[in-house]
Amino acid sequence: MRNLCSIILLALLCLLPGSGDRVQCDSDALYSSCRIPYPCGDLTIVYPFWGADRLQHCGPPDFKLDCGPDRTTITIGSVVYRVNSISFVNQTLRIARWDYVESICPDKYANTTLDSDIFTYSRQDVSVTLLYDCVPVEDASPQYYPFNCSKDPTDIQLAYTGLTGNTIGKLQASCKHIVEVPVSESAVDSYPKQDIQASKEVLNQGFDVVWASNYDKMCNDCELSGGRCGYDVTTSGFSCHCVDRSYNLKCGAAYSQKSSIIKKLVKPLGFSACGLTFIVIVIIMLRAKKAKKENSKVITDFLRKNESLILRRYKYWEIKKITRSFRDKLGQGGFGSVYKGVLKDGRQVAVKILSSTKCDGGEDFMNEVASISRTSHVNIVSLIGFCTNGSKRALIYEFMANGSLEKFIYEERLSGGRRVLTWDKLHSIAVGIAQGLEYLHRGCNTRIVHFDIKPHNILLDEDFCPKISDFELAKVCPRKDSAVSMLGARGTVGYIAPEQVCLNFGQVSYKSDVYSYGMMILEMVGGRKNVDAQVENASEVYFPRWIYKRLLLDQELALNVIIDEEDKVQAKKMIIVGLWCIQTDPAQRPPMSQVVEMLQGSIESLPAPPKPYLYSPPSSSQHSLAAIWTSSTFTTVSNHHE
């Protein structure tokens, strides 16, 4: 509140006579140097561009050009681009990656990253995907063409090139580096076969970027007043260089941009309380706008640091086109809504639009992109691309025809209360999920702990192959680290490991995923939630207790659709594995690699699991255990997943 009062006081001081803000400097030199167009390579440049003998006062830092005798380049982010042409009418640059001008095999692999507040892609841009350091694979995608990056003709450094959007298939897992480079759509259309020669040509022709229009709006006002457009290195803002001096907006305007806005607001309102309230509202709105811009930069920096920009970055208008203006809604959760879409090449996708209430700081968005972009596994859903445009954020995934696992396991949701998945298929799904988790815990460059394994987050393709999805709560940590630091419990009620609730049970680690997996497997077996107060018999309220007792006494499992002995073996194996996974002590839970072995091994080799410590509510109360896991302490973390 004190800061806000100070801002209001400073705003009122700007209204006093003589408080106008003139830029004091050697204006004649600035006016002269920025007055005329300047040759740069084979181009002629004016504001907002500068470089060589054209001083920095003639344009913003992001528009600096390096002028050579036969070339002009610009550095955006850390990547150098050759400037092929500039259109001041359309405010577009045609640029090409400098590292791909001489050779399609660069020394370093870097993706194209633009600051959307300064440059944006043109609607006529597409991209070429280049895959490097590949190992030969059978049945490689015919839409990607191989080439050799080795300078030694006796050696082979296999690489591939193709148009982004074509099916990569097995190549994604066989190549160490994947780079996407924007190109012009018209250039691509000139080459029906996107082979190595075509890729070289379209990369050299470059692609178009559009610079922000606000630079030209201010420049027009300045030039109409007789000034020349430039940049104030002291205030890091626009400056209008005039014959007598430099001003913030235009020649003769003896006040700053901020004070002129406040004067226009205060003059008709007077110094009334209403007027001051209006000023406060405007200030808050301006600060909110600045915060959004900073969040956008934070996300861009985060993605660059995590090397996640190998993914296609879509513009928001493309997202609307892909989803046909969000026509076909697949579902909704606490993190946003999911829509069905179709890419340009005909592939079906699922587009998750993150809700503004969940992505103000961008943490959920950054978590998901950073986590899943590190993965490549048949049991992990593939992230195809993303969009970040101010507060609008979207993630584009491969489409899973059969939706989530929860539609197929809970008997009350099934038609006629009968299972549609055989025990063999349920067992296969359990193995696939375990292999996906084993990969996250051990197979990636870093260890990824999902923290939200549950049936809703397991998607099934047309062949019922399971894929782990929804990485909003995931944590990425070095593989050598076993413990994970957390400020609070993560996950969904009913699947949260005990150590997340109370550290007395042990350290939080990847074993928390093992616990969630075990609870999910037991629900797959029982066809019901593990805690169900609506059952007829009190002994069946907590399914793990009930099934453990029947297993211990070698009683009939009393599960639906067990047709023969083979079904019984599959079900019993899943029960034993599930009970091992939900052990209260994390040290007693098997790692996922051992879970895979247990599921794929013989039933005779499986040791009997210990009775879980927190395994049931007392017989006199059907809801005390449920109360443990549904206390208000944790529902605030988990309600949005239900």
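Residues numbered from 1 in each chain as written. Predicted model: local features only at pLDDT ≥ 70, side-chain atom pairs only at ≥ 80, totals over all residues. Heavy atoms only, no water.

(A) Spotlight on the environment of leucine 395. Looking at the element boundaries, leucine 395 is found in strand E21 (residues 392-398). On a C-alpha basis, the gap between leucine 395 and isoleucine 384 in space is 7.9 Å, while along the polypeptide they are 11 residues apart. Excluding residues that lie within four positions of it along the chain, leucine 395 makes contacts with Ala350, Val351, Lys352, Leu354, Phe365, Glu368, Val369, Leu383, Gly385 and Phe386. (Helix = DSSP H or I, 4+ residues; strand = E, 2+ residues; numbered from the N terminus. Contact = heavy atoms within 4.5 Å.)

(B) Quick peek at the packing of helix H16 (residues 565-581) against helix H17 (residues 592-600). Where H16 meets H17, the closest approach of the two axes is 9 Å, and the angle between their N-to-C directions is 160°. One finds that H16 runs roughly antiparallel with respect to H17. Handedness of the H16/H17 crossing: right-handed. Counted together, Lys573, Met574, Val577, Trp580 and Cys581 of H16 and Val595, Met598 and Leu599 of H17 form the full contact between these two elements. In terms of residue class, the contact of H16 with H17 is made up of seven nonpolar, no polar and one charged. (Axes fitted to C-alpha atoms, helices over the stretch in contact; angles between N-to-C directions. Parallel < 35°, antiparallel > 145°, perpendicular 65-115°, else oblique. Left-handed = near helix turned anticlockwise from the far one by under 90°. Nonpolar A, V, L, I, M, F, W, Y, C, P; charged D, E, K, R; others polar.)

(C) Layout of the side chain of lysine 573. With respect to the helices and strands, the residue lysine 573 is situated in helix H16. Although lysine 573 is buried, it forms no salt bridge, and the closest oppositely charged side chain is glutamate 604 at an N-O distance of 7.9 Å. Setting aside residues up to four positions removed in sequence, lysine 573 forms contacts with His427, Met598, Leu599, Gly601, Ile603 and Leu606. (Buried < 20%, exposed > 50% of the residue type's maximum accessible area, 1.4 Å probe, protein only. Lys, Arg positive; Asp, Glu negative; His and termini not counted. Salt bridge = Lys/Arg side-chain N within 4 Å of Asp/Glu carboxyl O.)

(D) Region of the structure containing the confidence of the model for the protein chain. Of the residues in the protein chain, 72% have a pLDDT of 70 or more, and the chain-wide mean is 76. No element of the protein chain has a lower mean pLDDT than helix H19 (residues 632-638), which averages 31, and none a higher one than strand E24 (residues 466-468), which averages 96. In this model residues 255-267 is a low-confidence stretch, pLDDT under 50, and it forms 19 contacts with partners more than four residues away in sequence or in other chains. Ignoring residues within four places in sequence, the model shows residues 615-642, a span with pLDDT below 50, making 49 contacts including any to other chains. (pLDDT = per-residue confidence, 0-100.)

(E) Expanded view of the sheet that holds strand E12 (residues 207-211). Pairing is antiparallel in the open sheet, where six strands are placed in the order E3-E4-E5-E6-E12-E7. The sheet is open, and its two borders are formed by strand E3 (65-67) and strand E7 (119-121), each paired with just one other strand. Within the sheet, the average angular offset between the axes of one strand and its neighbour, ignoring direction, is 40°. (Pairing = 2+ DSSP bridges.)

(F) Representation of a negative patch on the surface in the model. Judged by side-chain charge, Asp424, Asp564, Glu565 and Glu566 come together as a negatively charged surface patch. Structurally, glutamate 565 is set in helix H16. Note on glutamate 565: relative accessible area 54%, which makes it exposed. (Patch = residues over 30% accessible without salt bridge, like charges linked within 9 Å, V, L, I, M, F, W, Y side chains within 5 Å. Areas by Shrake-Rupley, 256 points an atom, 1.4 Å probe, with all protein chains shown as cover. Charge placed at Lys NZ, Arg CZ, Asp CG, Glu CD.)

(G) Geometry of unusual backbone geometry. Cis rather than trans, the peptide bond between tyrosine 47 and proline 48 has omega equal to 15°. As for its position among the elements, proline 48 is in the loop between strand E2 (43-45) and E3. Unlike most non-glycine residues, aspartate 133 shows phi in positive territory, near 50°. Tracing the chain through its elements places aspartate 133 in strand E8 (residues 125-134). Located in the positive-phi region is serine 325, a residue other than glycine, with phi close to 60°. Residue position: serine 325 is located in the loop between helix H9 (316-322) and strand E17 (329-333).

(H) Broad picture of the packing of aromatic side chains. Scanning the entire structure with this criterion turns up 14 aromatic pairs. Taking the centre distance of 6.0 Å and the plane angle of 80° together, the rings of phenylalanine 49 and phenylalanine 88 count as edge-to-face. A residue pair is termed long-range when its members are at least 10 positions apart, and phenylalanine 49 in the loop between E2 and E3 and phenylalanine 88 in the loop between strand E5 (79-87) and strand E6 (92-97) qualify at 39 residues. By relative accessible area, which is 28% here, phenylalanine 88 ends up partly exposed. (Phe/Tyr/Trp six-rings, centres within 6.5 Å; stacked < 30°, edge-to-face > 60°.)

(I) Structural view of the packing of helix H14 (residues 511-526) against H16. Orientation of H14 relative to H16, taken along the N-to-C sense of each, is 150°, at an axis distance of 8 Å. Judged by the angle between their axes, H14 and H16 are roughly antiparallel. Every pair of crossing elements has a handedness; the one defined by H14 and H16 is left-handed. In this structure, H14 contributes Val514, Tyr515, Tyr517, Gly518, Ile521, Leu522, Met524 and Val525 to the contact, and H16 contributes Ala571, Met574, Ile575, Val577, Gly578, Leu579 and Cys581. Residues belonging to the contact of H14 with H16 are distributed by class as follows: 13 nonpolar, two polar and no charged.

(J) A look at the side chain of threonine 492. Along the chain, threonine 492 turns up in the loop between strand E25 (475-477) and helix H13 (498-501). Accessibility expressed as a relative area gives 1% for threonine 492, which makes it buried. Here lysine 454 takes part through its side chain, which lies 3.0 Å from a polar atom of the side chain of threonine 492. (Polar contact = N/O pair within 3.5 Å; in protein donor to acceptor, adjacent residues only side chain to side chain.)

(K) Looking closely at the pattern of salt bridges. For the structure shown, the criterion picks out 11 salt bridges. Arginine 94 serves as the salt-bridge partner of aspartate 208, at 2.6 Å between the closest nitrogen and oxygen. Of this pair, aspartate 208 sits in strand E12 while arginine 94 sits in strand E6, and the two are 114 residues apart along the sequence. Accessibility classification places aspartate 208 together with arginine 94 in one group, the buried group. Aspartate 99 is the partner of arginine 97 in a salt bridge, and the nearest nitrogen-oxygen pair spans 2.9 Å.

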